[in-house]
Structures are given as C-alpha cells and as structure tokens.
Amino acid sequence: MIAASTASAPRHSASSRTAVSVENLDFCYGTSKVLKKINLEIPANQVTALIGPSGCGKSTLLRCINRMNDEIPGAHVSAGRICLDGEDINGPEVDVVKLRSEVGMVFQKSNVFPRSIFENVAYGMQVRGEKNKAVIEQRVEEALRQAALWDEVKDRLHESGFGLSGGQQQRLCIARTIAVKPNIVLMDEPCSALDPIATLKVEELIWDLRSQYTFIIVTHSMQQASRISDHTAFFYLGEVIEFDQTGKMFTNPREKRTEEYISGRFG
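Residues numbered from 1 in each chain as written. Predicted model: local features only at pLDDT ≥ 70, side-chain atom pairs only at ≥ 80, totals over all residues. Heavy atoms only, no water.

**Concerning the packing of helix α3 (residues 117–127) against helix α6 (residues 166–178)**
Packing of α3 against α6 leaves a shortest axis separation of 7 Å and a crossing angle of 35 degrees. The crossing of α3 and α6 is right-handed. Contact with α3, carried on its side by Ile 117, Asn 120 and Val 121, involves Leu 172, Ala 175 and Arg 176 of α6 and no other residues of that element. (Axes fitted to C-alpha atoms, helices over the stretch in contact; angles between N-to-C directions. Helix = DSSP H or I, 4+ residues; strand = E, 2+ residues; numbered from the N terminus. Left-handed = near helix turned anticlockwise from the far one by under 90°. Contact = heavy atoms within 4.5 Å.)

Structure, rendered in structure tokens:
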C-alpha cells in the first residue's frame, strides 16, 4: 500500500478486489467545482476506461488518484475521499512520493528523458535507492520485455531514447512506469499522438499486462474503449453518468446521455 466488436470481445474475469474506491468526491480548482459526487469502485487487475467530452473531468480524476493536482495552486478535494486498500490517499500521514511509486502515470505525449534507453527505464529504481547493478539490469530487461520492446532495443540500450519512433517512445515510457512495479497504472490518452499501428501495439500491451496491473485509461476513442477495457465510466459535466461493464454499456446503456455520446450525437 501507500497503496473486434464490443459484444464479442473476450473480457477479463471479474475481479473480487477493488483497487481504487472513489467515495462522494468533490474536487475544485479554486472556487470552481469540476468533479461532483464521484462514486466509483475500480476493480483490480482490469482495464477501466474513462470516456466523455473534453472538459468533463476525466483527466482531473486521473490526476487525483496520484495527487498530481497537488501541484496546481488552489486545487483541492472539497468533499469525499479516494481510497487505496482502504486508506484515504489525501490523509495527512500519506507519503506522496511513495503513493506515486505505487500509482504510475503514462501521459498523452511520451515524455522520454534525455538519457539512454537503459537509463530511462532504470531511472525510477535508482531514484528509489536501488544500487545493485545486477538487480537494475534484470529489472530493466523484464520491464522492456513486458512492454514488448526488448527485441527492438536490446542491441541499442545505451543509445538515446530520442532515437526511437513515437510508438516505441510511448512503450519506453510504459516500461519506465512498470519497472518500479506499481499496483496501478494511470494513462491519459496514451495513444492520441500515435499512428494506428503504434496504437495497436500499445493496446495489445495493455491487454496483455492487465492481469499484473490495474489500468485506468482516459480516452476520447470509443473504439479504443470498446477494444481494451473491461469497465467504462462515462463522465459529463463533472459527474459520472454511468459506470458498467464495457460490453453492456456499449450495447445496452442505461442512460440516454450515454447512448447519445457513444453513438456520436454529441461530444
């Protein structure tokens, strides 16, 4: 602790454990309330997609889960809480550095460090104090293999990460994130800057790793949400309108606004 078609696509077996519990959460930027009474039980070792129009609060909630919003002046939780393994992550005793090591983040634009491929992946372990060279080398290889990148870079580990393609750079960022073995991986539109082939590789990677990590992904692509997620939450104007199994939501949503958004009538 801190802490193909939608109808036919195979889904991961239901998890009996909740990874993230969001309870009656209100969140504000200054006096502007941007999240209103959010309630979500995000299952462990599955993929949960957050969908909805721009500005509806998806990315704000994502950043709440690892407290990145702490860096924004005036941003604050005004009510409710977010719990990992039963512990409120905004409690005064919480070590934010430790929280962020357990809740990794992959951004919309790959943020490769100006270092070698090896050093990019090793960075998090070194920051956490790991000095054993053999341990670092083993974990770098494991992370690159998990990110389906090892075979493409194993002979150029000491070259700059900037020499990789856009899709490879994003997978390198995923490798760097999982190298420290977080419990949860947050992804904020990780494929929006990638071409279809690179997007497919990242989606396959998420699908393959979901039994080892809990993924929460913000996406504007309904097709992507339907392909890779087990559960989907639809946000609108700072509220969760509907949260359900992805197959059910995309074929038979309960709420009219959900149906209108998924069918492209607005957003």
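**Digging into the sheet that holds strand β4 (residues 75–84)**
Note: strands within a sheet are paired through backbone hydrogen bonds, in either parallel or antiparallel orientation. Read from one edge of the open sheet, four strands run β2-β1-β4-β5, paired in antiparallel fashion. Looking at the sheet topology across the chains shown, the edges are occupied by β2 (32–43) and β5 (87–88). The sheet contact formed by strand β1 (residues 18–29) and β4 spans seven bridges and is antiparallel. Directly across from Asp 26, in β4, lies its bridge partner Ala 79. Against the sheet, helix α1 (residues 58–65) engages β1, β2 and β4, with an angle of about 115 degrees to β1. (Pairing = 2+ DSSP bridges.)

**With respect to the confidence of the model for the chain**
Model confidence for the chain is summarised by a mean pLDDT of 90, while 94% of its residues fall at 70 or above. In this model residues 1–13 is a low-confidence stretch, pLDDT under 50, and it forms 39 contacts with partners more than four residues away in sequence or in other chains. (pLDDT = per-residue confidence, 0-100.)

**Things to note about the packing of aromatic side chains**
For the structure on display, the rule yields four aromatic pairs. Look at Phe 27 and Tyr 29: their rings are 5.4 Å apart centre to centre, the planes differ by 90 degrees, and that puts the pair in the edge-to-face class. We classify Phe 27 as buried; its relative accessible area is 3%. Between Phe 234 and Tyr 261 the ring centres are 5.1 Å apart and the planes differ by 25 degrees, which places this aromatic pair in the stacked class. Here Tyr 261 lies in helix α10 (residues 256–262) and Phe 234 lies in strand β9 (residues 231–236), a separation of 27 residues in the sequence. Between the NZ or CZ atom of Arg 176 and the centre of the ring of Phe 113, over which it lies, the distance is 3.8 Å. Directly above the aromatic system of Trp 207 lies the positively charged group of Arg 210, at a separation of 3.6 Å from the ring centroid. (Phe/Tyr/Trp six-rings, centres within 6.5 Å; stacked < 30°, edge-to-face > 60°. Buried < 20%, exposed > 50% of the residue type's maximum accessible area, 1.4 Å probe, protein only. Lys NZ or Arg CZ within 6 Å of the ring centre and 35° of its normal.)

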